[in-house]
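Secondary and tertiary structure notes
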Amino acid sequence: MYKLVAFRYLPQPLKKYFIFYSEDMKSDLEVVVNDEYKMFSDKNAEFYDNISNIDIGTSDSRFTMYHLEGTHPPFYMTKDFTETSTETSIEDEARGMMVLINRFIARLKEIGIYDNSVIFIMADHGYIDYRQCPLLMIKGRNESHPFTVGTEALSFNQLQDIFIESLEGDKTAAQIVETSDRSDEARTYNYCKWSKNMEMTSHSKDIIKFELPAGGKAWEASALYGTGEVLTSGDGE
C-alpha cells in the first residue's frame, strides 16, 4: 500500500523507486479456497465461466469492481469468445469481450439488479496509436435506450467527479458526464515509450507532454501536438 501512495504523490524523479509490477499484486490476491474457489482472477475465461455464480443481492447498496485482462496482447480470443492457440487480432478479441459483457449484463438482469445499477466499463489505456483514447462505457441508474456514442470531451482527470455524479439520483450517462465535459478546453496526454520487452522501466524515462486542442477527437492521434514540456526523471538517462 505504501508503494501505491508513494508512487501517486511523490515528485516524478522519486517515482522510479516505488515501481512494482501489477503481476506481483495479482499473485497475492489469487488465493484458492478449498482447492476450488479462487478469490481473485483477472482471466477473461475464468470470469465468464463464473458469471452464473454472481449474486450481488438486492437488499442493500454496494460497490463492486471486477478487474479483467480484457482486450490485451497477445490476442488469442475469437470474436465469439473462444480461446484458441492461433493468434487472432485486436478486433476479434474486442468483439469477444463484448460477448462477455453481454453475458454479465444478462446475469445482472436475471438477479433483478440491472435497472437499479450504475455500470462503468473502462480500460486503463488504448492500444497502439489509440493509447490516449481508453474505453469508457457508462449506464446510469434506470437508464434504458439503444447503445449510443457520446460526443462529450472527457479526461481521466475527471473520473472522480464522474463517479460521484453517478451516485446522485437517477441520471443518464449523458447527465453524469455533463459537468465534466471539456469540449471547450485542450486536454493533456503524457506519453512515455515502453522498452521493447515491455519492462517496467517507463517511469525512469522522460515523459513527453502532448495536448489535444479543444474540439479534437481523442482517437485521432494526428490531432495531438507536442507542448515542448518534458517530465524528466532527473537521473541523466
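Notes on the structure follow. (Residues numbered from 1 in each chain as written. Predicted model: local features only at pLDDT ≥ 70, side-chain atom pairs only at ≥ 80, totals over all residues. Heavy atoms only, no water.)

Here we take up the overall build of the protein chain. In terms of helices and strands, the protein chain carries seven helices and seven strands. Accessible surface, the protein chain: about 16000 Å² in total, of which carbon and sulfur atoms supply 53%. (Helix = DSSP H or I, 4+ residues; strand = E, 2+ residues; numbered from the N terminus. Areas by Shrake-Rupley, 256 points an atom, 1.4 Å probe, with all protein chains shown as cover.)

A cluster of nonpolar side chains, contributed by Met1, Leu4, Val5, Tyr9 and Met25, occupies part of the molecular surface with about 570 Å² of accessible area. No other element matches the three residues that helix α1 (residues 2-9) contributes to the nonpolar patch. Relative to the elements of secondary structure, Val5 occurs in helix α1. Look at Val5 and you get partly exposed, because its relative accessible area is 44%. (Patch = residues over 30% accessible without salt bridge, like charges linked within 9 Å, V, L, I, M, F, W, Y side chains within 5 Å. Salt bridge = Lys/Arg side-chain N within 4 Å of Asp/Glu carboxyl O. Buried < 20%, exposed > 50% of the residue type's maximum accessible area, 1.4 Å probe, protein only.)

The subject of this paragraph is the pairing of strand β6 (residues 207-212). Put simply, side chains in a regular strand alternate between the two faces of the sheet. Direction of pairing for strand β5 (residues 187-191) relative to β6: antiparallel, over a ladder of five bridges. Each bridged residue has a counterpart across the sheet, and for Arg187 the counterpart in β6 is Leu212. By the bridge criterion, four bridges tie β6 to strand β7 (residues 225-231) in an arrangement that is antiparallel. By the bridge assignment, Phe210 is partnered in β7 with Gly226. (Pairing = 2+ DSSP bridges.)

Right, let's talk about the side chain of Lys139 for a bit. Mapped onto the elements, Lys139 comes out in strand β4 (residues 136-139). The charged side chain of Lys139 is buried without a salt bridge, its nearest counter-charge being Asp115 at 5.5 Å. Within the structure, Lys139 has its side chain in polar contact with the backbone oxygen of Tyr114 (distance 3.2 Å). Sequence-distant contacts of Lys139, that is, excluding residues within four places in its chain, are made with Tyr114, Asp115, Ser117, Val118 and Ile119. (Lys, Arg positive; Asp, Glu negative; His and termini not counted. Polar contact = N/O pair within 3.5 Å; in protein donor to acceptor, adjacent residues only side chain to side chain. Contact = heavy atoms within 4.5 Å.)

What follows covers the sheet that holds β6. Spatially, three strands are ordered β5-β6-β7 in an open sheet, and the strand pairing comes out antiparallel. In this open sheet, the two edge strands, each paired with only one partner strand, are β5 and β7. Each strand of the sheet is rotated relative to its neighbour by a mean of 30 degrees, with strand direction disregarded. (Axes fitted to C-alpha atoms, helices over the stretch in contact; angles between N-to-C directions.)

Bringing the packing of aromatic side chains into the picture now. Counted according to the given criterion, the structure contains nine aromatic pairs. Where Tyr48 meets Phe81, the ring centres are 4.8 Å apart and the plane angle is 35 degrees; that geometry is what we call tilted. With Tyr48 in helix α4 (residues 44-49) and Phe81 in the loop between α4 and α5 (90-110), the pair connects residues that are 33 residues apart, well separated along the chain. A relative accessible area of 29% places Tyr48 in the partly exposed class. Each member of the aromatic cluster is reached from another via a ring pair, and the members are Phe47, Tyr66 and Phe104. Here the basic side chain of Arg8 rests over the ring of Tyr9, its NZ or CZ set 4.9 Å away from the ring centre. Above the ring of Tyr114, the side-chain terminus of Lys109 is found at 4.9 Å from the ring centroid. (Phe/Tyr/Trp six-rings, centres within 6.5 Å; stacked < 30°, edge-to-face > 60°. Lys NZ or Arg CZ within 6 Å of the ring centre and 35° of its normal.)

Following the criterion strictly, the structure yields seven salt bridges and no others. Among the salt bridges present, the one from Arg103 reaches Glu110, with a minimum N-O distance of 3.5 Å. For Lys171, the salt bridge goes to Glu168, with nearest N and O atoms at 3.8 Å. When its relative accessible area of 44% is taken as the criterion, Glu168 is described as partly exposed. Among the ionic contacts, a cluster of salt bridges with common partners joins Arg103, Arg107 and Glu110.

Next up on the list: the nonpolar core. In this structure, Phe47, Ile54, Leu100, Phe104 and Leu108 are the most contacted members of the largest nonpolar core, which totals 17 residues. The dominant element in this core, judged by the number of residues it contributes, is α5, at six residues. Not counting residues up to four positions away in its chain, the partners in contact with Leu108 are Ile56, Ile113, Tyr114 and Ile119. Counting residues in hydrophobic clusters, the runner-up holds five residues, among them Ile162, Ala173, Ile176 and Val177. (Core = buried A, V, L, I, M, F, W, Y, C linked by side-chain atoms within 4.5 Å.)

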